[in-house]
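Observations on the three-dimensional arrangement
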Amino acid sequence: MNNRIKEYRARHDLTQDDLAKKVNVRRETIVFLEKNKYNPSLKLAHDIASTFGVTIEEIFIF
Amino acid sequence: MKKIVIIFIVAALVLVTTGLWFFTSRSGFKLVDLVMYGVIIVVVGFALFVGYKRLTSVRKGEPAEDELSKKVLKRTAAFSYYISLYLWLAVMYVADKTDYETHVYISAGILGMAVIYAICWLVINFRGVRNE
């Protein structure tokens, strides 16, 4: 599963730290997500999508 | 935060007790004592490392543990348990071929388990957790 977190983060001018705090995870988790080394839970995927104001499908590519 | 404080208190207590044991011991150190110290140092070192990581996360305003860190710990526990079974088989084989006291083998096994856990944690933490 790929994702476009880095792209959306850049669009919203957010650092990894900022995004981590918004979705209540550690920065390390965001790093792993961006490197496709971790598949998030449905809740985290939803929280990330909500932060960027898009649907889960737009961020996570199955 | 409570968990972090408990980790540091327990680690400090273990270190103080180990120090007392080390400095008050009158007899010379045998192989088993060195193995015991090895076990303690590996376990306390790992606990301090985990505590420090959690503390830095809390200081940065992040949660001490999140879904990824919990998953890494779970997978590490499962994987290291699986490998430890083979370690104990190896210990049994070595025990059959050599002639140390029983507690030397048990201490060596526990040290091996601690080392295996630390290595598994490092590998899984580096590689990440994919649910595929």
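Residues numbered from 1 in each chain as written. Chains lettered and ligands numbered in written order. Predicted model: local features only at pLDDT ≥ 70, side-chain atom pairs only at ≥ 80, totals over all residues.

Points about the overall build of chain A
Secondary structure assignment for chain A yields five helices and two strands. The linear arrangement of helices and strands in chain A, starting from the amino end, is β-α-α-α-α-α-β. In terms of C-alpha radius of gyration, chain A reaches 10 Å, essentially the compact-globule figure of 11 Å for 62 residues. Dimensions of chain A along its principal axes, counting C-alpha atoms only, are 25 × 20 × 20 Å. Taken across its 62 residues, chain A has 27% of its residues classed as buried. Sequence-distant contacts, at least 24 apart, represent 52% of the contacts inside chain A between residues at least 6 apart. (Helix = DSSP H or I, 4+ residues; strand = E, 2+ residues; numbered from the N terminus. Rg over C-alpha atoms; globule rule 2.2 N^0.38 Å. Buried ≥ 20, exposed ≤ 12 C-beta atoms within 10 Å, placed from the backbone. Contact = placed C-beta atoms within 7 Å.)

Some thoughts on the packing of helix H3 (residues 67–97) of chain B against helix H4 (residues 102–127) of chain B
All names here are of chain B. At a minimum axis separation of 8 Å, H3 and H4 run at an interaxial angle of 145 degrees. You can see that H3 and H4 cross each other, and the crossing is right-handed. Where H3 approaches H4, its residues Val72, Arg75, Thr76, Phe79, Ser80, Ile83, Ser84, Leu87, Trp88, Val91 and Ala95 are matched on the opposing element by Tyr105, Ala108, Gly109, Gly112, Met113, Ile116, Tyr117, Cys120, Trp121, Ile124 and Asn125. Residues of the contact of H3 with H4, tallied by class, amount to 15 nonpolar, six polar and one charged. (Axes fitted to C-alpha atoms, helices over the stretch in contact; angles between N-to-C directions. Left-handed = near helix turned anticlockwise from the far one by under 90°. Nonpolar A, V, L, I, M, F, W, Y, C, P; charged D, E, K, R; others polar.)

Things to note about the environment of B:Tyr82
Relative to the assigned elements, B:Tyr82 resides in helix H3. B:Tyr82 sits in the exposed class, given 11 other C-beta atoms within 10 Å.

Focus: the environment of B:Leu48
All names here are of chain B. Looking at where Leu48 falls in the secondary structure, it is placed in helix H2 (residues 31–59). Looking at Leu48, the number of C-beta atoms within 10 Å reads 15, which means it is partly exposed. Considering only alpha carbons, one finds Leu48 and Leu68, 20 residues apart in sequence, at a separation of 20 Å.

Looking at the confidence of the model for chain B
The predicted model of chain B has a mean per-residue pLDDT of 85, with 95% of residues at 70 or higher. Mean pLDDT in chain B bottoms out at H2(B), which sits at 82, and peaks at H3(B), which reaches 93. (pLDDT = per-residue confidence, 0-100.)

Remarks on the confidence of the model for chain A
Per-residue confidence for chain A gives a mean pLDDT of 91, with 100% of residues at or over 70. Element-level pLDDT for chain A is lowest in strand E1 (residues 2–3) of chain A, with a mean of 86, against a maximum mean of 93 in helix H4 (residues 42–52) of chain A.

Some remarks on the nonpolar core
Core analysis: the biggest nonpolar cluster contains 14 residues, and A:Ala20, A:Val23, A:Val25, A:Ile30, A:Leu33 and A:Ile48 have the highest contact counts within it. Where this core is concerned, the elements lending two or more residues are helix H2 (16–23), helix H3 (27–34) and H4 of chain A together with H3 of chain B. In this structure A:Ala20 touches A:Val25, A:Arg26, A:Arg27, A:Thr29, A:Ile30 and B:Glu62, once residues within four positions along its chain are discounted. One finds B:Met36, B:Leu111, B:Ala114 and B:Cys120 within the second-largest nonpolar core, a separate group that totals eight residues. (Core = buried A, V, L, I, M, F, W, Y, C linked by C-beta atoms within 7 Å.)

Quick word on unusual backbone geometry
Residue and element names in this part refer to chain A. Phi is positive for Asn24, which is not a glycine, with a value near 60 degrees. Inspection of the secondary structure assignment puts Asn24 in the loop between H2 and H3. Its identity as a non-glycine residue notwithstanding, Asn36 has a phi of 60 degrees, on the positive side. Its place among the elements puts Asn36 in the loop between H3 and H4.

Re the packing of H2(A) against H3(A)
All names here are of chain A. The N-to-C vectors of H2 and H3 enclose an angle of 110 degrees; their axes lie 8 Å apart at closest approach. Considering the angle they form, H2 stands roughly perpendicular to H3. Counted together, Gln16, Asp17, Leu19 and Ala20 of H2 and Arg27, Thr29, Ile30 and Val31 of H3 form the full contact between these two elements. Partitioning the contact of H2 with H3 into residue classes produces four nonpolar, two polar and two charged. (Parallel < 35°, antiparallel > 145°, perpendicular 65-115°, else oblique.)

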